[in-house]
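Letter by letter, the chains look like this.
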Amino acid sequence: MLFNSALFIFEAVGYFVLMVSLLHFRHRLGLGVFLTALGVMHFMETYLAAVFYVSLPFGNVSPGSSIFFSGKLMMILMLYLQEDAATVRQPIYGLFLGNLLTVAIAWVLQLHQPLELSPGHPADVDFLKEMGWLMVWGTAILYLDSLGIILLYEKLGDFMRRRVVLRFMISGLVVLTFDQILFFSGLHYFVGVPMAAFWAGWKAKMLAVCLYSLMFAIYEYRIRRDGVAASARSISDLFGDLTFRERYNDLLERTGRDMLTGVYDRSRMELEAPLMVREALRQGQHATVLIIDADHFKDVNDGFGHLQGDEVLKAIASRLGTTLRSSDRIFRFGGEEFVAVCPGTSHEEALLLAERLRWTIVTSVKTPDDAPISVSIGVATADEDGDSFTTVLSAADSRLYEAKKSGRNCVVGRSGVVKVS
């Protein structure tokens with residue numbers, strides 16, 4: 001038993017030293033070496049957890065689960081600490097997909113009629129099936145564990161920002177307790193591991209985390225010496241990086257865009273603008289809608305061609321983008337018309353904003369013969385002009401029509417024309 005205990009510690013130290021060496025020299029060796037070493041162990045971890053147990057002072061323990069799987073999870077956390085969430089999601093999803101592929105192949109292999117070329121060593125198809133289901137279960141838990149240990153580490157930073165090693169250890173203790181409950185239930189169900197092994201396995205994982213945390217402290221303060229930089233990122237941002245949400249947001253950001261001007265198109269307006277108005281009203285704020293129309297735009301197309309007309313529209317959209325706030329939204333309504341939705345903006349504030357837009361455009365956007373381009377703007381505000389986007393847009397459209405009748409190059413709000421040049 002003492003020999004097994006010494007081997008347990010030796011295996012934990014050896015695993016940590018090897019994997020941290022690969023991680024430490026990743027810039028010379030390449031990160032792929034570390035990730036490959038991390039990934040190839042999964043089948044052996046699962047196999048050992050199912051059939052290979054040794055006797056320790058606190059019970060019967062599998063090194064596959066208590067040392068190698070626990071070490072893998074702590075290595076994923078260390079990779080995050082030395083790189084970032086966008087990098088660490090590579091092994092998380094690589095392990096997840098690779099293990100699922102392994103399981104799928106195992107299930108396909110079961111359809112064969114294998115030959116017994118070596119007498120007394122037939123293919124154990126039943127065991128292959130058990131391992132397949134167990135790996136599916138373990139892969140799903142690994143995915144949750146990997147996300148959970150990183151998110152918990154960051155959350156603990158709200159209370160102990162500079163205590164990196166303590167956060168490292170607590171994260172491992174909590175998440176591996178969660179892992180032991182779920183994974184052991186699979187071991188018990190699929191391969192019949194007795195319940196008596198649960199507590200021994202849990203104690204072994206807790207011991208392994210303490211060993212890994214001690215070695216992590218030595219590495220951080222004796223080898224790296226610069227410690228780990230404190231993270232200032234929010235949990236939601238971090239979760240977004242780990243789950244590829246920023247890719248989704250980027251795709252969403254690029255869809256619904258007007259190809260010419262780069263602002264959002266009408267279909268995006270019909271989706272977003274009602275929500276923006278409704279949310280502003282829910283928070284007890286105003287939401288103002290502006291309709292901006294380029295004056296005599298047909299003359300630009302007829303006189304200089306549609307390509308020059310396109311340049312004028314792009315210039316107008318650019319001025320709108322630089323003048324409006326980041327919380328405002330600009331949409332191309334159609335042709336030479338644009339709609340701006342400005343949450344948290346009163347009618348009086350919006351009139352000043354509209355006048356600034358009008359002045360900016362007329363003084364900076366010109367035709368090829370240097371003639372100024374002017375715009376007319378209609379302004380309406382929720383909830384004074386209605387409590388829905390459609391109602392407010394209709395009111396703004398009516399005021400735009402009044403601006404056209406009033407000679408163009410002006411802003412019209414609830415009280416009429418604000419300014420005429």
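Residues numbered from 1 in each chain as written. Predicted model: local features only at pLDDT ≥ 70, side-chain atom pairs only at ≥ 80, totals over all residues. Heavy atoms only, no water.

## Concerning the overall build of the protein chain
The secondary structure content of the protein chain amounts to 16 helices and eight strands. Expressed as a percentage of the 421 residues in the protein chain, the buried residues total 48%. At a minimum sequence separation of 6, the contacts of the protein chain that also span at least 24 residues come to 71%. Accessible area for the protein chain stands at about 20,900 Å²; split by element, carbon and sulfur atoms hold 61% of it. (Helix = DSSP H or I, 4+ residues; strand = E, 2+ residues; numbered from the N terminus. Buried < 20%, exposed > 50% of the residue type's maximum accessible area, 1.4 Å probe, protein only. Contact = heavy atoms within 4.5 Å. Areas by Shrake-Rupley, 256 points an atom, 1.4 Å probe, with all protein chains shown as cover.)

## Quick word on the packing of aromatic side chains
Tallied over the entire structure, the rule returns eight aromatic pairs. Pairing F16 with Y212 gives two aromatic rings, centres 6.1 Å apart and planes at 25 degrees, and the pair type is stacked. In this pair, F16 sits in helix 1 (residues 2–24) while Y212 sits in helix 9 (residues 196–224), placing the two residues 196 residues apart along the sequence. The same class applies to F16 and to Y212, which are both buried. In this arrangement the basic side chain of R167 is found over the ring face of Y153, its NZ or CZ atom lying 4.0 Å from the centre. Sitting above the plane of the Y264 ring, R257 keeps its charged end 4.1 Å from the centroid. (Phe/Tyr/Trp six-rings, centres within 6.5 Å; stacked < 30°, edge-to-face > 60°. Lys NZ or Arg CZ within 6 Å of the ring centre and 35° of its normal.)

## Examining the side chain of D258
Secondary-structure assignment places D258 in the loop between helix 11 (245–254) and helix 12 (266–282). For D258, the side chain forms a polar contact with the side chain of T261, separated by 2.6 Å. Non-local contacts of D258, meaning those with residues more than four positions away in its chain, are made with V263, Y264, D265 and R332. (Polar contact = N/O pair within 3.5 Å; in protein donor to acceptor, adjacent residues only side chain to side chain.)

## A few points about the UniProt feature "transmembrane region" (unreviewed entry) in the protein chain
UniProt feature "transmembrane region" (unreviewed entry): in the numbering of this structure it lies at residues 6–25, 32–55, 61–80, 92–111, 131–153, 165–190 and 196–219. Annotated as 95% helix and 0% strand, the span residues 6–25 places its first and last C-alpha atoms 28 Å apart. In residues 92–111, helix accounts for 90% and strand for 0%; the two terminal C-alpha atoms are 30 Å from one another. (UniProt positions renumbered as here; feature names shortened; annotations may be inferred.)

## Quick look at the nonpolar core
In terms of nonpolar packing, the biggest core is built from 53 residues, with F16, F34, M75, M78, I150, Y212 and F216 touching the most fellow members. Residue contributions to this core peak at twelve residues, all from helix 5 (residues 63–82). The contact partners of Y212, leaving out residues within four places of it in the chain, are A12, Y15, F16, I67, S70, G71, M74 and F168. Judged by nonpolar contacts, the second largest core, of 29 residues, contains V300, L353, V379 and V411. (Core = buried A, V, L, I, M, F, W, Y, C linked by side-chain atoms within 4.5 Å.)

## Things to note about the environment of L352
Among the secondary structure elements, L352 is positioned in helix 15 (residues 347–364). Distance in space between the C-alpha atoms of L352 and V411 is 9.4 Å, their sequence separation being 59 residues.

## Remarks on the pattern of salt bridges
Scanning the model with the defined rule gives 17 salt bridges in all. Linking E45 and K72 is a salt bridge whose minimum nitrogen-to-oxygen distance equals 3.1 Å. Taken together, the positions of E45 in helix 4 (residues 42–51) and K72 in helix 5 put the pair 27 residues apart, joining distant regions of the chain. Note on K72: relative accessible area 0%, which makes it buried. We note a salt bridge from D302 to K298, for which the minimum N-O separation is 2.7 Å. Of the two residues, D302 and K298 both sit in helix 13 (residues 297–304), four residues apart, roughly one turn of that helix. (Salt bridge = Lys/Arg side-chain N within 4 Å of Asp/Glu carboxyl O.)

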